[in-house]
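# Summary of the model geometry
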Amino acid sequence: MKFPDFVHANRPEPNSEIPNNSSAHATFWDFVVNTPESAHHVLWQMSDRALPRSYRMMEGFGINSFYIQNDEGKRFVAKFVFKPLLGSHSLVWDEAQKLAGHDPDFLRRDLWEAIEQENWPEYSFGAQLISEEEAPNFPIDILDPTKLWPEELVPVTPLGKLVLNRNPTDFFAETEQVAFCPANIVPGIDFTDDPILQGRLFSYLDTQLSRFGGPNFTQIPINRPLVPVHNNQRGGFHQMAIKSGRVAYSNNTICADKPTPSSQLGFVTHPTQVSGPKLRIKPKKFGDYFSQAEVFWNSQSPVEQAHIITAFGFELGMIDPPLRLAVIELLEKVSPDLAHKVARAVGAPYNVFEPKLASSPVFTSLSLLPSLPQPLKTMKVCLLIGNGFVQQQHSLLLSVLTRLGTTPVTITAAPQTVSTQQITASVTPVSSASVQMYYSSLVTAKSTMFDAVCIPGGSGIDVLMGMALARQFVEEAFTHYKPIIALGDGIKLLTGLPDYVARAGLAPTPSKLAPSVMQPRGIVESHGVFTCADVSAIPESELSAAVMTTLSQWRHWDRI
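## Observations regarding the packing of aromatic side chains
According to the stated counting rule, one finds 16 aromatic pairs in the structure shown. Centroid distance W44 to F296: 4.8 Å. Interplanar angle 25°. Geometry classified as stacked. On the criterion of sequence distance, the pair formed by W44 in helix α3 (residues 39-45) and F296 in helix α8 (residues 291-299) is long-range, its members being 252 residues apart. Summarising the burial analysis for this pair, W44 and F296 share the class buried. Three or more aromatic residues link up through ring pairs in this structure, and these residues are F6, F28, W29, F31 and F312. Just above the ring of Y67 sits the side chain of R75; from NZ or CZ to the centre is 3.6 Å.

Below you can see the structure in the form of C-alpha coordinates.
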(Lines give C-alpha, C1' and ligand atoms only; values in the text may rest on other atoms or scores of the structure.)
Protein backbone atom coordinates (compact mmCIF):
# COMPACT_ATOMS: atom_id res chain seq x y z
CA MET A 1 0.00 0.00 0.00
CA LYS A 2 1.49 3.30 -1.14
CA PHE A 3 -0.90 5.70 0.54
CA PRO A 4 1.30 6.17 3.66
CA ASP A 5 4.30 6.84 1.39
CA PHE A 6 2.29 9.45 -0.49
CA VAL A 7 1.44 11.20 2.78
CA HIS A 8 5.07 11.13 3.95
CA ALA A 9 6.36 12.41 0.60
CA ASN A 10 3.94 15.35 0.72
CA ARG A 11 4.90 16.34 4.27
CA PRO A 12 7.74 18.80 5.04
CA GLU A 13 11.14 17.28 4.34
CA PRO A 14 12.43 15.72 7.59
CA ASN A 15 15.86 17.35 7.59
CA SER A 16 14.52 20.93 7.41
CA GLU A 17 10.77 20.73 8.20
CA ILE A 18 10.26 22.82 5.03
CA PRO A 19 7.93 23.53 3.31
CA ASN A 20 4.74 23.45 5.34
CA ASN A 21 1.37 23.12 3.60
CA SER A 22 2.85 22.81 0.13
CA SER A 23 3.65 20.10 -2.38
CA ALA A 24 6.17 22.32 -4.19
CA HIS A 25 9.26 20.43 -3.06
CA ALA A 26 11.55 17.64 -4.20
CA THR A 27 10.36 14.71 -2.11
CA PHE A 28 6.76 14.98 -3.33
CA TRP A 29 7.66 15.20 -7.01
CA ASP A 30 10.28 12.48 -6.65
CA PHE A 31 7.49 10.25 -5.30
CA VAL A 32 5.31 11.18 -8.31
CA VAL A 33 8.04 10.33 -10.80
CA ASN A 34 8.61 6.94 -9.17
CA THR A 35 4.89 6.22 -8.78
CA PRO A 36 3.33 6.71 -12.21
CA GLU A 37 -0.14 5.73 -10.97
CA SER A 38 -0.17 9.18 -9.30
CA ALA A 39 -0.41 10.92 -12.72
CA HIS A 40 -4.20 11.19 -12.57
CA HIS A 41 -4.05 12.52 -9.02
CA VAL A 42 -1.55 15.29 -9.76
CA LEU A 43 -3.58 16.50 -12.75
CA TRP A 44 -6.50 17.06 -10.38
CA GLN A 45 -4.18 18.59 -7.79
CA MET A 46 -2.84 21.12 -10.31
CA SER A 47 -6.33 21.97 -11.58
CA ASP A 48 -8.95 24.43 -10.35
CA ARG A 49 -10.46 21.55 -8.33
CA ALA A 50 -7.66 22.02 -5.79
CA LEU A 51 -8.60 25.68 -5.18
CA PRO A 52 -12.25 25.63 -4.05
CA ARG A 53 -13.96 28.98 -3.61
CA SER A 54 -15.79 27.48 -0.64
CA TYR A 55 -16.36 24.14 1.03
CA ARG A 56 -19.99 24.87 0.20
CA MET A 57 -19.11 24.88 -3.52
CA MET A 58 -17.02 21.77 -4.02
CA GLU A 59 -17.97 18.26 -5.07
CA GLY A 60 -17.19 15.23 -2.94
CA PHE A 61 -16.13 11.93 -4.51
CA GLY A 62 -15.83 8.64 -2.70
CA ILE A 63 -12.42 7.10 -3.32
CA ASN A 64 -13.46 3.59 -2.32
CA SER A 65 -16.00 1.24 -3.88
CA PHE A 66 -18.69 -0.41 -1.75
CA TYR A 67 -21.42 -2.92 -2.40
CA ILE A 68 -25.08 -1.87 -2.19
CA GLN A 69 -27.77 -4.51 -2.02
CA ASN A 70 -31.48 -3.89 -2.60
CA ASP A 71 -34.46 -5.65 -1.05
CA GLU A 72 -34.56 -8.19 -3.88
CA GLY A 73 -31.02 -9.31 -3.14
CA LYS A 74 -29.52 -7.70 -6.26
CA ARG A 75 -26.08 -6.26 -5.58
CA PHE A 76 -24.32 -3.27 -7.16
CA VAL A 77 -20.82 -1.84 -6.87
CA ALA A 78 -21.19 1.78 -5.76
CA LYS A 79 -19.23 5.00 -5.44
CA PHE A 80 -20.81 7.79 -3.42
CA VAL A 81 -20.96 11.37 -4.69
CA PHE A 82 -21.88 14.73 -3.10
CA LYS A 83 -22.80 17.68 -5.36
CA PRO A 84 -23.24 21.21 -3.95
CA LEU A 85 -26.57 22.86 -4.76
CA LEU A 86 -24.74 26.19 -5.10
CA GLY A 87 -22.67 24.84 -7.99
CA SER A 88 -18.91 24.27 -8.06
CA HIS A 89 -16.58 27.28 -8.06
CA SER A 90 -12.87 27.79 -7.64
CA LEU A 91 -10.35 30.48 -6.81
CA VAL A 92 -7.54 31.47 -9.15
CA TRP A 93 -3.91 30.77 -8.31
CA ASP A 94 -2.83 34.34 -7.50
CA GLU A 95 -5.99 34.91 -5.46
CA ALA A 96 -5.46 31.73 -3.42
CA GLN A 97 -1.85 32.64 -2.61
CA LYS A 98 -2.87 36.12 -1.43
CA LEU A 99 -5.77 34.75 0.61
CA ALA A 100 -3.36 32.49 2.46
CA GLY A 101 -1.82 35.67 3.86
CA HIS A 102 -4.92 37.89 4.09
CA ASP A 103 -7.02 35.30 5.91
CA PRO A 104 -5.57 31.79 6.43
CA ASP A 105 -8.96 30.74 7.85
CA PHE A 106 -10.92 31.99 4.82
CA LEU A 107 -12.55 28.66 3.93
CA ARG A 108 -13.39 27.73 7.52
CA ARG A 109 -14.72 31.22 8.20
CA ASP A 110 -16.84 31.12 5.06
CA LEU A 111 -18.44 27.82 6.12
CA TRP A 112 -18.97 28.92 9.73
CA GLU A 113 -20.51 32.27 8.77
CA ALA A 114 -22.86 30.69 6.21
CA ILE A 115 -24.21 28.26 8.80
CA GLU A 116 -24.54 31.01 11.44
CA GLN A 117 -26.57 33.10 8.97
CA GLU A 118 -28.76 30.06 8.24
CA ASN A 119 -27.52 29.90 4.66
CA TRP A 120 -27.13 26.21 5.26
CA PRO A 121 -24.78 24.40 2.86
CA GLU A 122 -26.68 21.74 0.93
CA TYR A 123 -25.39 18.87 -1.16
CA SER A 124 -27.29 16.33 -3.21
CA PHE A 125 -26.16 12.85 -2.19
CA GLY A 126 -26.10 10.04 -4.72
CA ALA A 127 -24.31 6.94 -5.88
CA GLN A 128 -22.89 5.66 -9.13
CA LEU A 129 -24.04 2.07 -9.51
CA ILE A 130 -22.63 -0.78 -11.60
CA SER A 131 -24.28 -4.19 -11.37
CA GLU A 132 -22.17 -7.21 -10.49
CA GLU A 133 -22.85 -8.61 -13.97
CA GLU A 134 -21.57 -5.45 -15.70
CA ALA A 135 -18.54 -4.92 -13.46
CA PRO A 136 -16.10 -7.39 -15.14
CA ASN A 137 -16.66 -5.81 -18.57
CA PHE A 138 -16.40 -2.19 -17.46
CA PRO A 139 -13.45 -0.47 -19.24
CA ILE A 140 -12.02 0.68 -15.89
CA ASP A 141 -11.18 -1.61 -12.99
CA ILE A 142 -13.93 -0.58 -10.60
CA LEU A 143 -11.79 -1.42 -7.56
CA ASP A 144 -8.92 0.88 -8.59
CA PRO A 145 -9.04 3.88 -6.19
CA THR A 146 -6.83 6.00 -8.50
CA LYS A 147 -9.61 6.15 -11.09
CA LEU A 148 -13.09 7.61 -11.21
CA TRP A 149 -16.19 6.55 -13.10
CA PRO A 150 -17.13 9.30 -15.59
CA GLU A 151 -20.70 10.39 -15.02
CA GLU A 152 -21.36 10.17 -18.75
CA LEU A 153 -20.75 6.41 -18.45
CA VAL A 154 -22.21 5.88 -14.96
CA PRO A 155 -24.79 8.55 -14.04
CA VAL A 156 -25.29 9.52 -10.41
CA THR A 157 -28.46 8.05 -8.91
CA PRO A 158 -29.92 10.55 -6.38
CA LEU A 159 -30.34 9.11 -2.89
CA GLY A 160 -30.91 12.12 -0.64
CA LYS A 161 -29.56 15.46 0.54
CA LEU A 162 -26.94 16.50 3.08
CA VAL A 163 -27.67 19.75 4.96
CA LEU A 164 -25.20 21.34 7.40
CA ASN A 165 -27.63 23.13 9.70
CA ARG A 166 -25.55 23.94 12.78
CA ASN A 167 -22.02 24.70 13.81
CA PRO A 168 -20.30 22.74 16.58
CA THR A 169 -20.85 24.15 20.05
CA ASP A 170 -17.44 22.88 21.21
CA PHE A 171 -14.99 22.17 18.39
CA PHE A 172 -12.76 19.91 20.48
CA ALA A 173 -15.60 17.76 21.81
CA GLU A 174 -17.56 17.61 18.54
CA THR A 175 -14.87 17.78 15.86
CA GLU A 176 -11.42 16.95 17.22
CA GLN A 177 -12.71 13.80 18.91
CA VAL A 178 -14.63 12.44 15.91
CA ALA A 179 -13.44 8.90 15.14
CA PHE A 180 -14.23 8.10 11.50
CA CYS A 181 -13.92 4.50 10.38
CA PRO A 182 -15.11 2.96 7.08
CA ALA A 183 -15.96 -0.25 8.96
CA ASN A 184 -18.99 1.57 10.41
CA ILE A 185 -21.67 0.74 7.84
CA VAL A 186 -25.42 0.17 7.86
CA PRO A 187 -27.36 -2.88 6.62
CA GLY A 188 -27.56 -2.92 2.83
CA ILE A 189 -23.93 -1.81 2.39
CA ASP A 190 -20.98 -4.21 2.25
CA PHE A 191 -17.25 -4.08 1.57
CA THR A 192 -15.63 -4.75 -1.80
CA ASP A 193 -12.09 -6.01 -2.36
CA ASP A 194 -10.92 -2.46 -3.06
CA PRO A 195 -7.31 -2.70 -1.78
CA ILE A 196 -7.28 0.75 -0.18
CA LEU A 197 -10.61 0.07 1.51
CA GLN A 198 -9.37 -3.26 2.87
CA GLY A 199 -6.33 -1.50 4.32
CA ARG A 200 -8.46 1.25 5.84
CA LEU A 201 -10.78 -1.24 7.52
CA PHE A 202 -7.81 -2.19 9.67
CA SER A 203 -5.79 1.01 9.85
CA TYR A 204 -8.59 3.42 10.81
CA LEU A 205 -9.65 1.33 13.80
CA ASP A 206 -6.01 0.85 14.75
CA THR A 207 -5.47 4.62 14.50
CA GLN A 208 -8.42 5.39 16.79
CA LEU A 209 -7.27 2.80 19.36
CA SER A 210 -3.90 4.55 19.50
CA ARG A 211 -5.29 8.07 19.29
CA PHE A 212 -7.84 7.65 22.08
CA GLY A 213 -5.76 5.32 24.22
CA GLY A 214 -8.25 2.44 24.25
CA PRO A 215 -11.35 0.89 22.71
CA ASN A 216 -14.06 2.96 24.39
CA PHE A 217 -13.92 6.00 22.11
CA THR A 218 -17.32 4.90 20.77
CA GLN A 219 -18.82 5.96 24.12
CA ILE A 220 -17.81 9.63 23.64
CA PRO A 221 -21.00 11.60 22.83
CA ILE A 222 -19.91 12.58 19.30
CA ASN A 223 -19.09 8.95 18.42
CA ARG A 224 -21.93 7.30 20.32
CA PRO A 225 -24.70 5.57 18.28
CA LEU A 226 -28.05 7.30 18.21
CA VAL A 227 -29.78 4.09 19.33
CA PRO A 228 -29.08 2.13 22.55
CA VAL A 229 -26.28 -0.45 22.39
CA HIS A 230 -26.70 -3.66 24.34
CA ASN A 231 -23.79 -6.10 24.70
CA ASN A 232 -21.70 -7.75 27.36
CA GLN A 233 -18.49 -5.90 26.62
CA ARG A 234 -16.91 -4.49 29.77
CA GLY A 235 -13.76 -2.77 30.97
CA GLY A 236 -11.08 -1.15 28.89
CA PHE A 237 -9.40 2.21 29.37
CA HIS A 238 -11.81 5.18 29.59
CA GLN A 239 -14.83 2.96 30.22
CA MET A 240 -17.78 5.28 30.82
CA ALA A 241 -20.66 2.85 31.38
CA ILE A 242 -21.27 1.29 34.79
CA LYS A 243 -22.79 -2.16 34.25
CA SER A 244 -24.00 -4.75 36.71
CA GLY A 245 -23.83 -8.54 36.68
CA ARG A 246 -21.24 -11.32 36.49
CA VAL A 247 -20.91 -11.77 32.71
CA ALA A 248 -18.44 -9.87 30.51
CA TYR A 249 -18.57 -12.05 27.41
CA SER A 250 -20.89 -13.65 24.86
CA ASN A 251 -22.46 -16.22 24.68
CA ASN A 252 -23.25 -17.33 28.21
CA THR A 253 -25.52 -19.65 30.25
CA ILE A 254 -24.94 -18.07 33.65
CA CYS A 255 -27.40 -15.21 33.41
CA ALA A 256 -30.45 -14.31 31.39
CA ASP A 257 -28.70 -11.37 29.75
CA LYS A 258 -27.91 -12.85 26.33
CA PRO A 259 -27.69 -10.11 23.66
CA THR A 260 -27.42 -11.58 20.15
CA PRO A 261 -27.31 -9.93 16.71
CA SER A 262 -30.61 -9.68 14.84
CA SER A 263 -30.72 -11.91 11.78
CA GLN A 264 -33.15 -9.47 10.12
CA LEU A 265 -31.73 -6.09 11.13
CA GLY A 266 -28.07 -6.86 11.72
CA PHE A 267 -25.17 -6.90 9.28
CA VAL A 268 -25.29 -9.66 6.67
CA THR A 269 -22.61 -10.36 4.07
CA HIS A 270 -24.00 -11.19 0.65
CA PRO A 271 -22.58 -14.46 -0.79
CA THR A 272 -19.93 -13.94 -3.47
CA GLN A 273 -18.91 -16.50 -6.08
CA VAL A 274 -15.11 -16.90 -6.10
CA SER A 275 -13.00 -19.07 -8.40
CA GLY A 276 -9.38 -19.37 -9.49
CA PRO A 277 -6.11 -18.94 -7.64
CA LYS A 278 -5.74 -16.17 -5.05
CA LEU A 279 -2.57 -14.17 -5.89
CA ARG A 280 -0.93 -11.07 -4.43
CA ILE A 281 -0.71 -9.15 -7.71
CA LYS A 282 -2.29 -6.11 -9.31
CA PRO A 283 -5.03 -6.72 -11.88
CA LYS A 284 -3.99 -5.85 -15.42
CA LYS A 285 -6.32 -2.83 -15.63
CA PHE A 286 -4.60 -1.34 -12.57
CA GLY A 287 -1.55 -0.85 -14.79
CA ASP A 288 -3.32 1.73 -16.96
CA TYR A 289 -1.79 4.77 -15.30
CA PHE A 290 -2.32 7.47 -17.90
CA SER A 291 -5.60 7.11 -19.80
CA GLN A 292 -7.74 8.78 -17.11
CA ALA A 293 -5.19 11.56 -16.67
CA GLU A 294 -5.41 12.13 -20.43
CA VAL A 295 -9.22 12.15 -20.30
CA PHE A 296 -9.12 14.73 -17.51
CA TRP A 297 -6.68 16.97 -19.40
CA ASN A 298 -8.65 16.80 -22.65
CA SER A 299 -11.92 17.48 -20.82
CA GLN A 300 -10.71 20.79 -19.41
CA SER A 301 -11.60 24.06 -21.10
CA PRO A 302 -8.74 26.18 -22.52
CA VAL A 303 -9.03 28.45 -19.46
CA GLU A 304 -8.71 25.50 -17.07
CA GLN A 305 -5.81 24.04 -19.05
CA ALA A 306 -4.01 27.37 -18.77
CA HIS A 307 -4.49 27.27 -14.99
CA ILE A 308 -3.04 23.73 -14.85
CA ILE A 309 0.04 24.89 -16.76
CA THR A 310 0.47 27.82 -14.36
CA ALA A 311 0.24 25.48 -11.36
CA PHE A 312 2.78 23.06 -12.79
CA GLY A 313 5.04 26.00 -13.58
CA PHE A 314 4.99 27.15 -9.95
CA GLU A 315 5.46 23.68 -8.46
CA LEU A 316 8.22 22.53 -10.80
CA GLY A 317 9.94 25.89 -10.57
CA MET A 318 10.69 25.03 -6.91
CA ILE A 319 12.62 21.84 -7.62
CA ASP A 320 15.97 20.99 -9.23
CA PRO A 321 16.20 20.84 -13.07
CA PRO A 322 16.90 17.05 -13.34
CA LEU A 323 13.79 16.19 -11.31
CA ARG A 324 11.83 18.83 -13.19
CA LEU A 325 12.72 17.13 -16.46
CA ALA A 326 11.69 13.73 -15.08
CA VAL A 327 8.23 15.10 -14.22
CA ILE A 328 7.86 16.50 -17.74
CA GLU A 329 8.79 13.11 -19.18
CA LEU A 330 6.03 11.58 -17.04
CA LEU A 331 3.55 14.17 -18.32
CA GLU A 332 4.49 13.29 -21.90
CA LYS A 333 2.85 9.90 -21.31
CA VAL A 334 -0.35 11.73 -20.42
CA SER A 335 -0.26 14.23 -23.28
CA PRO A 336 2.64 15.52 -25.41
CA ASP A 337 0.78 18.82 -25.64
CA LEU A 338 0.66 19.08 -21.83
CA ALA A 339 4.36 18.18 -21.51
CA HIS A 340 5.33 20.76 -24.14
CA LYS A 341 3.41 23.57 -22.46
CA VAL A 342 4.76 22.75 -19.00
CA ALA A 343 8.31 22.58 -20.41
CA ARG A 344 7.89 26.04 -21.91
CA ALA A 345 6.45 27.36 -18.63
CA VAL A 346 9.52 26.30 -16.64
CA GLY A 347 12.11 26.89 -19.38
CA ALA A 348 13.10 23.22 -19.53
CA PRO A 349 15.33 22.09 -22.41
CA TYR A 350 12.82 19.65 -23.79
CA ASN A 351 11.74 18.48 -27.22
CA VAL A 352 9.04 20.47 -28.92
CA PHE A 353 6.05 18.20 -29.31
CA GLU A 354 3.52 18.55 -32.04
CA PRO A 355 0.15 18.72 -30.28
CA LYS A 356 -1.74 15.53 -31.05
CA LEU A 357 -5.44 15.25 -31.62
CA ALA A 358 -7.35 14.20 -28.53
CA SER A 359 -7.51 10.42 -28.68
CA SER A 360 -9.50 10.11 -25.46
CA PRO A 361 -13.15 10.92 -24.79
CA VAL A 362 -14.08 14.37 -23.49
CA PHE A 363 -16.42 14.39 -20.48
CA THR A 364 -18.00 17.72 -19.62
CA SER A 365 -18.64 16.55 -16.04
CA LEU A 366 -14.90 16.89 -15.39
CA SER A 367 -14.86 20.60 -16.19
CA LEU A 368 -15.79 23.25 -13.62
CA LEU A 369 -16.47 25.95 -16.20
CA PRO A 370 -20.22 26.57 -16.06
CA SER A 371 -22.18 26.34 -19.27
CA LEU A 372 -25.24 27.97 -17.69
CA PRO A 373 -25.74 30.93 -15.29
CA GLN A 374 -24.98 29.85 -11.74
CA PRO A 375 -27.00 30.41 -8.53
CA LEU A 376 -26.21 33.67 -6.76
CA LYS A 377 -27.27 32.52 -3.29
CA THR A 378 -24.63 33.59 -0.69
CA MET A 379 -22.38 35.16 -3.34
CA LYS A 380 -20.34 37.65 -1.31
CA VAL A 381 -20.53 41.11 -2.89
CA CYS A 382 -18.59 44.13 -1.66
CA LEU A 383 -20.15 47.63 -1.71
CA LEU A 384 -17.18 50.00 -1.70
CA ILE A 385 -17.98 53.49 -0.35
CA GLY A 386 -16.25 56.64 0.83
CA ASN A 387 -17.51 59.54 2.97
CA GLY A 388 -20.23 61.29 0.99
CA PHE A 389 -21.61 58.28 -0.85
CA VAL A 390 -25.10 58.52 -2.35
CA GLN A 391 -27.38 56.71 0.08
CA GLN A 392 -30.05 56.15 -2.55
CA GLN A 393 -27.61 54.25 -4.80
CA HIS A 394 -26.19 52.30 -1.88
CA SER A 395 -29.70 51.34 -0.74
CA LEU A 396 -30.72 50.46 -4.28
CA LEU A 397 -27.75 48.15 -4.74
CA LEU A 398 -28.30 46.64 -1.32
CA SER A 399 -31.96 45.97 -2.11
CA VAL A 400 -31.17 44.43 -5.50
CA LEU A 401 -28.34 42.26 -4.16
CA THR A 402 -30.40 41.04 -1.21
CA ARG A 403 -33.34 40.03 -3.42
CA LEU A 404 -30.93 38.14 -5.69
CA GLY A 405 -29.83 36.09 -2.67
CA THR A 406 -26.29 37.43 -2.40
CA THR A 407 -24.53 38.44 0.82
CA PRO A 408 -23.73 42.16 0.52
CA VAL A 409 -20.91 43.58 2.64
CA THR A 410 -20.18 47.31 2.88
CA ILE A 411 -16.51 48.38 2.95
CA THR A 412 -15.56 51.91 3.97
CA ALA A 413 -12.53 53.88 2.90
CA ALA A 414 -11.26 54.12 6.48
CA PRO A 415 -12.73 53.42 9.92
CA GLN A 416 -13.37 57.09 10.70
CA THR A 417 -14.84 58.21 7.37
CA VAL A 418 -18.29 56.60 7.50
CA SER A 419 -20.06 55.73 10.71
CA THR A 420 -22.10 52.58 11.16
CA GLN A 421 -25.16 54.75 11.88
CA GLN A 422 -24.93 56.47 8.53
CA ILE A 423 -24.75 53.14 6.73
CA THR A 424 -27.55 51.57 8.76
CA ALA A 425 -29.89 54.45 7.97
CA SER A 426 -29.56 53.68 4.25
CA VAL A 427 -30.18 49.95 4.47
CA THR A 428 -33.42 48.43 3.23
CA PRO A 429 -34.66 46.00 5.95
CA VAL A 430 -33.69 42.43 5.14
CA SER A 431 -34.34 39.05 6.71
CA SER A 432 -32.13 37.64 9.44
CA ALA A 433 -30.80 35.16 6.90
CA SER A 434 -29.21 38.01 4.89
CA VAL A 435 -27.69 40.17 7.59
CA GLN A 436 -25.73 43.18 6.34
CA MET A 437 -22.13 42.79 7.51
CA TYR A 438 -19.30 45.34 7.78
CA TYR A 439 -15.55 45.31 7.69
CA SER A 440 -13.90 48.24 9.36
CA SER A 441 -12.12 49.53 6.28
CA LEU A 442 -9.95 48.79 3.27
CA VAL A 443 -7.09 48.21 5.71
CA THR A 444 -8.55 44.85 6.74
CA ALA A 445 -10.81 43.99 3.78
CA LYS A 446 -9.23 42.71 0.55
CA SER A 447 -10.83 42.00 -2.80
CA THR A 448 -9.76 38.35 -2.50
CA MET A 449 -12.42 37.93 0.19
CA PHE A 450 -15.28 38.80 -2.17
CA ASP A 451 -16.86 37.46 -5.35
CA ALA A 452 -17.80 40.82 -6.87
CA VAL A 453 -17.41 44.58 -6.30
CA CYS A 454 -20.10 47.28 -6.47
CA ILE A 455 -19.28 51.00 -6.39
CA PRO A 456 -22.16 53.42 -5.69
CA GLY A 457 -21.56 57.05 -6.63
CA GLY A 458 -21.17 60.24 -4.62
CA SER A 459 -18.46 62.67 -3.61
CA GLY A 460 -16.84 59.86 -1.64
CA ILE A 461 -15.48 58.54 -4.91
CA ASP A 462 -12.92 61.37 -4.89
CA VAL A 463 -11.65 60.00 -1.57
CA LEU A 464 -11.39 56.50 -2.99
CA MET A 465 -9.62 57.69 -6.16
CA GLY A 466 -6.91 59.18 -3.96
CA MET A 467 -6.37 55.93 -2.05
CA ALA A 468 -3.91 53.37 -3.40
CA LEU A 469 -5.72 50.64 -1.43
CA ALA A 470 -9.03 51.45 -3.15
CA ARG A 471 -7.52 51.46 -6.63
CA GLN A 472 -5.68 48.22 -5.90
CA PHE A 473 -8.90 46.67 -4.54
CA VAL A 474 -10.80 47.20 -7.80
CA GLU A 475 -7.88 46.44 -10.10
CA GLU A 476 -7.21 43.16 -8.29
CA ALA A 477 -10.87 42.15 -8.57
CA PHE A 478 -10.65 42.76 -12.30
CA THR A 479 -7.42 40.76 -12.57
CA HIS A 480 -9.15 37.85 -10.82
CA TYR A 481 -12.00 37.97 -13.40
CA LYS A 482 -14.68 39.07 -10.91
CA PRO A 483 -17.78 41.10 -11.79
CA ILE A 484 -17.49 44.86 -11.19
CA ILE A 485 -20.54 47.17 -11.04
CA ALA A 486 -20.25 50.99 -10.91
CA LEU A 487 -23.10 53.50 -10.68
CA GLY A 488 -23.05 57.25 -11.27
CA ASP A 489 -19.87 58.88 -10.03
CA GLY A 490 -18.60 55.43 -9.08
CA ILE A 491 -17.54 55.07 -12.71
CA LYS A 492 -14.79 57.63 -12.03
CA LEU A 493 -12.97 55.10 -9.85
CA LEU A 494 -12.62 52.91 -12.93
CA THR A 495 -11.28 55.76 -15.07
CA GLY A 496 -8.45 56.26 -12.61
CA LEU A 497 -7.32 52.68 -13.06
CA PRO A 498 -5.03 51.29 -15.76
CA ASP A 499 -6.45 51.60 -19.25
CA TYR A 500 -7.26 47.91 -19.70
CA VAL A 501 -9.59 48.05 -16.68
CA ALA A 502 -11.26 51.36 -17.38
CA ARG A 503 -11.94 50.79 -21.06
CA ALA A 504 -13.43 47.35 -20.43
CA GLY A 505 -16.55 48.83 -18.90
CA LEU A 506 -16.68 52.38 -20.10
CA ALA A 507 -16.96 52.57 -23.78
CA PRO A 508 -18.95 53.00 -26.27
CA THR A 509 -15.35 53.16 -27.54
CA PRO A 510 -13.95 49.68 -28.22
CA SER A 511 -11.77 48.27 -25.48
CA LYS A 512 -8.56 46.36 -26.00
CA LEU A 513 -10.56 43.20 -25.35
CA ALA A 514 -13.64 43.67 -27.51
CA PRO A 515 -16.28 46.30 -28.20
CA SER A 516 -18.40 47.14 -25.19
CA VAL A 517 -22.07 46.22 -25.22
CA MET A 518 -24.16 49.39 -25.12
CA GLN A 519 -27.57 48.44 -23.79
CA PRO A 520 -30.70 50.62 -23.64
CA ARG A 521 -30.95 53.47 -21.11
CA GLY A 522 -27.19 54.08 -20.89
CA ILE A 523 -26.17 50.77 -19.35
CA VAL A 524 -22.78 49.56 -20.56
CA GLU A 525 -21.53 45.99 -19.99
CA SER A 526 -18.28 44.52 -21.21
CA HIS A 527 -16.40 41.48 -19.91
CA GLY A 528 -18.21 41.56 -16.59
CA VAL A 529 -17.67 45.30 -15.96
CA PHE A 530 -21.14 46.88 -15.68
CA THR A 531 -21.65 50.66 -15.53
CA CYS A 532 -24.70 52.90 -15.39
CA ALA A 533 -24.18 56.66 -15.41
CA ASP A 534 -27.79 57.76 -14.75
CA VAL A 535 -29.40 55.40 -12.24
CA SER A 536 -32.56 57.51 -11.95
CA ALA A 537 -33.45 56.81 -15.58
CA ILE A 538 -33.57 53.03 -15.08
CA PRO A 539 -36.35 51.09 -13.32
CA GLU A 540 -35.14 48.99 -10.43
CA SER A 541 -36.40 45.81 -12.12
CA GLU A 542 -34.29 46.51 -15.20
CA LEU A 543 -31.22 47.27 -13.11
CA SER A 544 -31.80 44.08 -11.11
CA ALA A 545 -31.96 41.97 -14.29
CA ALA A 546 -28.74 43.53 -15.63
CA VAL A 547 -26.91 43.03 -12.32
CA MET A 548 -28.08 39.41 -12.16
CA THR A 549 -26.76 38.76 -15.67
CA THR A 550 -23.36 40.25 -14.79
CA LEU A 551 -23.04 38.37 -11.49
CA SER A 552 -24.34 35.01 -12.70
CA GLN A 553 -21.10 34.18 -14.52
CA TRP A 554 -19.14 34.52 -11.24
CA ARG A 555 -15.87 34.78 -13.23
CA HIS A 556 -15.50 36.48 -16.60
CA TRP A 557 -12.79 34.38 -18.22
CA ASP A 558 -13.06 36.30 -21.51
CA ARG A 559 -10.73 38.89 -19.94
CA ILE A 560 -7.81 36.50 -20.46
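## Some details on the confidence of the model for the chain
Counting all residues, the mean pLDDT for the chain is 86, and 89% of those residues have values of 70 or more. Within the chain, the element-level pLDDT minimum falls on helix α13 (residues 420-425), averaging 38, and the maximum on strand β5 (residues 156-163), averaging 97. Overall, residues 419-437 carries pLDDT values under 50, and its contacts beyond four positions in sequence, including any with other chains, amount to 40 contacts. Low pLDDT (under 50) marks residues 507-520, which in the prediction has 33 contacts with non-local residues, meaning those over four places away or in another chain.

## Some details on unusual backbone geometry
In this model, I18 is joined to P19 through a cis peptide bond whose omega is -5°. Here P19 shows up in the loop between α1 (3-10) and α2 (26-34). Cis geometry is adopted by the peptide bond preceding N251, which originates at S250 and carries an omega value of -10°. You can see N251 is positioned in the loop between α7 (195-212) and α8. Non-glycine residue H238 carries a positive phi angle of around 65°. For H238, a relative accessible area of 44% gives the class partly exposed.

How each quantity is defined
Residues numbered from 1 in each chain as written. Predicted model: local features only at pLDDT ≥ 70, side-chain atom pairs only at ≥ 80, totals over all residues. Heavy atoms only, no water. Phe/Tyr/Trp six-rings, centres within 6.5 Å; stacked < 30°, edge-to-face > 60°. Helix = DSSP H or I, 4+ residues; strand = E, 2+ residues; numbered from the N terminus. Buried < 20%, exposed > 50% of the residue type's maximum accessible area, 1.4 Å probe, protein only. Lys NZ or Arg CZ within 6 Å of the ring centre and 35° of its normal. pLDDT = per-residue confidence, 0-100. Contact = heavy atoms within 4.5 Å.

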